[in-house]
Each structure stands twice: as C-alpha cells, then as structure tokens.
Amino acid sequence: NAGVTQTPKFQVLKTGQSMTLQCAQDMNHNSMYWYRQDPGMGLRLIYYSASEGTTDKGEVPNGYNVSRLNKREFSLRLESAAPSQTSVYFCASGIPGQGVERAFFGQGTRLTVV
Amino acid sequence: QKEVEQNSGPLSVPEGAIASLNCTYSDRVSQSFFWYRQYSGKSPELIMSIYSNGDKEDGRFTAQLNKASQYVSLLIRDSQPSDSATYLCAVNRVSNYQLIWGAGTKLIIKP
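Residue indices begin from 1 for each chain and proceed along its sequence in written order. All chains are assigned letters beginning at A, and all ligands numbers beginning at 1, according to the order in which they are written. Side-chain atom pairs in this predicted model are given and counted only at pLDDT of 80 or more, local residue features only at pLDDT of at least 70, and totals for whole chains, interfaces and linings cover all residues. Calculation of side-chain values draws on the structure's entire complement of heavy atoms; hydrogens and water are dropped beforehand.

Engineer: Help me out: how do you make sense of unusual backbone geometry in this one?
Structural biologist: In terms of backbone geometry, most residues other than glycine have negative phi values and most peptide bonds are trans. The residue after T7 of chain A, namely P8 of chain A, is reached through a cis peptide bond having omega -5°. Elements are defined by DSSP. Helices are runs of H or I of four residues or more, strands are runs of E of two residues or more, and each kind is numbered from the N terminus. Secondary-structure assignment places P8 of chain A in the loop between strand 1 (4-7) and strand 2 (10-13). The peptide bond linking G9 of chain B to P10 of chain B adopts the cis configuration, its omega dihedral lying at 5°. At N28 of chain A, a residue that is not glycine, the phi angle is positive and equals roughly 60°. Assignment of secondary structure puts N28 of chain A in the loop between strand 3 (19-25) and strand 4 (31-38). Residues other than glycine seldom take positive phi values, yet Q70 of chain B does so here, at roughly 55°. Take Q70 of chain B: it is sitting in the loop between strand 7 (61-66) and strand 8 (71-76). Only protein chains enter the area calculation, which uses a 1.4 Å probe; residues under 20% of their type maximum are buried, those over 50% are exposed, and those in between are partly exposed. For Q70 of chain B, a relative accessible area of 9% translates into the label buried.

Engineer: Explanation requested: the nonpolar core in the structure shown.
Structural biologist: Nonpolar side chains in soluble globular proteins tend to end up buried together. Within this scheme, the nonpolar core is defined by two criteria: the residues are buried Ala, Val, Leu, Ile, Met, Phe, Trp, Tyr or Cys, and they are joined through side-chain atoms within 4.5 Å. W35, V72, L74, I76 and Y87 of chain B are the most contacted members of the largest nonpolar core, which has 24 residues in total. Counting only elements with at least two residues in this core, the list comes to strand 3 (19-25), strand 4 (33-38), strand 5 (45-50), strand 7, strand 8, strand 9 (85-92) and strand 11 (105-110) of chain B. Counting residues in hydrophobic clusters, the runner-up holds 20 residues, among them V60, Y64, F74 and C91 of chain A.

Engineer: So what exactly am I meant to see when it comes to the interface of chain B and chain A here?
Structural biologist: A common way to express how large an interface is: the accessible area buried when the components associate. Note on definitions: a residue-residue contact is assigned when non-hydrogen atoms from the two residues lie within 4.5 Å. Contact residues are listed per partner, giving 19 residues for chain B and 20 residues for chain A. Here, a salt bridge means any side-chain nitrogen of Lys or Arg that lies within 4 Å of a carboxyl oxygen of Asp or Glu. Summed over the shared surface of chain B and chain A, the number is zero salt bridges. Think of a polar contact as two N or O atoms within 3.5 Å of one another; within protein, one of them needs to be a possible hydrogen donor and the other a possible acceptor, and neighboring residues in sequence only count if both atoms come from side chains. Taken together, the links from chain B to chain A amount to four residue pairs in polar contact (both at pLDDT 80 or more). Mapped by element, the contributors of at least two residues to the side of chain B that touches chain A are strand 4, strand 5, strand 9 and strand 10 (99-101) of chain B. Among the elements that take part in the side of chain B that touches chain A, strand 4 of chain B stands out by supplying three residues, more than any other.

Engineer: How should I be thinking about the state of the cysteines in this particular structure?
Structural biologist: Linking two cysteines covalently via their sulfur atoms produces the bond known as a disulfide. Criterion for a disulfide: a pair of cysteine sulfur atoms at a distance within 2.5 Å. Evaluated as defined, the whole model comprises two disulfides over all chains. One disulfide in the model links C23 of chain A with C91 of chain A; its S-S distance is 1.8 Å. Its S-S torsion of about -75° marks the bond between C23 of chain A and C91 of chain A as left-handed, since a negative value means left-handed. In this pair, C23 of chain A is assigned in strand 3 and C91 of chain A in strand 9 (residues 87-95), connecting sequence segments 68 residues apart. The residues C23 of chain A and C91 of chain A share a single accessibility class, namely buried. Here C23 of chain B connects covalently by a disulfide to C89 of chain B, the sulfurs 2.1 Å from one another. Where C23 of chain B bonds to C89 of chain B through sulfur, the torsion about that S-S bond is close to -75°, and the disulfide is left-handed. A residue pair is termed long-range when its members are at least 10 positions apart, and C23 of chain B in strand 3 and C89 of chain B in strand 9 qualify at 66 residues. For the pair formed by C23 of chain B and C89 of chain B, the shared burial category is buried.

Engineer: Got a minute to help me understand the packing of aromatic side chains in this structure?
Structural biologist: The geometry of two aromatic rings is summed up by the distance between their centres and the angle between their planes. Two aromatic rings from Phe, Tyr or Trp, using only the six-membered ring of Trp, form a pair when their centres are within 6.5 Å; if the ring planes differ by under 30 degrees the pair is stacked, by over 60 it is edge-to-face, and anything between is tilted. Tallied over the entire structure, the rule returns 11 aromatic pairs over all chains. Centre to centre, the rings of Y35 of chain A and W101 of chain B are 6.0 Å apart; their planes meet at 85°, and the pair counts as edge-to-face. Taken together, the residues span two chains, with Y35 of chain A in strand 4 and W101 of chain B in strand 10. When sorted by exposure, Y35 of chain A lands in the same class as W101 of chain B, which is buried. Taken together, Y33, Y35, Y48, F90 and F105 of chain A together with Y36 and W101 of chain B form an aromatic cluster joined through their ring pairs. In this scheme, the term charge over a ring applies when either NZ of a lysine or CZ of an arginine sits within 6 Å of the ring centre and within 35 degrees of the ring normal. Over the aromatic face of F61 of chain B sits the side chain of R60 of chain B, whose NZ or CZ is 5.6 Å from the ring centroid.

Set out below in structure tokens:
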C-alpha cells in the first residue's frame, strides 16, 4: 500500500525555470492538497481539490497552478520559479465528511530556486 | 492573531518524564482537532485526534480538549528519545472543512 507518492524528492531550479510536481494516491480519497512548509511557518495550503474536476485556491496560491488529472493524481506547476518558492512541498490526500478532515502526506519535495 | 498557535520551542524534557505540548485556536465552532508528529526531513504523521471535551488516551499519548478555553494539549508519558520531533497541531475549520495548522513545537527528549 503506497499511500501518497510524490515526485521528485529533490529539485534545484534556476530563477525563471518551470517544473511540475507530481502526486498520486491509491487510497481512493476525494480530497487532495498541496502545502508548502517553511521554517517557523507551519504548513500553508497552496491549492486543494475537493473532488475530481474541481480545484480551489488556498492561502498562498500566487505563482502556482494545479491540475487534478483524475481521482488519483494532483499535480502542482511552477510556471516561472522564484527564490521565494524555495521550500518543502507536501502533497496530501484526505477524507472529508462530518467536519472530520484527516490528511495523509506524501514524503515531500525539497525545492531550491537559485 | 493566528488561527492556531503553538509555542515553537524547543521544549526540552528528560527521558522518562512527561512532555506537555499546548495549542490554542481562534475558531470557536471548530469540532475536530489533530496532533501530527514530524521527524526532521520527514512528512507529518497523524498520532492523535480528539473531537469531544476531556481526555483521550492512546498508549503513552493523551490528548486533552477544552472547547470553552479553545485549548488542546498533548501529553506524552514516559518520554523516549524517539519522541524527539516537531509536533503540529491542526484544527478543522468548519466553514470549509480545511485543516488549519499551527507552526509546530519542537520537542527534544534528553537521555
């Protein structure tokens, strides 16, 4: 049981380059999320998808785009990377319902923009 | 005011003692509360959830919730060096079911 799988684990980009972070889950969850985590800031929601075919902005969406390709896959794209996007990115999936939302995380992507 | 607040620490506790981690939240109607543990360089993992006022025990872990005071805590009994990690508090925002995260408390268990 793989759970939530993210690729790549590490990436170094030059300012202005683009890249896509891939995420797939095999738990049949409807909800999927992209977070970034910076020192002292906790987890901040970038985008989320409550179900296949829907996406919504989170707390810090600027500079990012997402695609919910199907129920399993949710990708995050940086069109023109900036040093401020240096961070650890986590994909998560969850089970919503009755106010109980639990998140299951991928292993993270450590992104450095130089 | 942040929606979920935690003391960043580090909190240093001797091995075998009780570690007490605290979290306050601002949304009075929140119903679900979670504690996640995150080891350095790893992803967060759920260790406790609590939905009702009072205590919930799971092994060496006890979660405590006081909705009137908007306060949730995590107690770790018989602390072990393997408990050294950052502990994240998360609260369910009722309006959109999103999890709101505290910045985490770094816990260090000293042998």
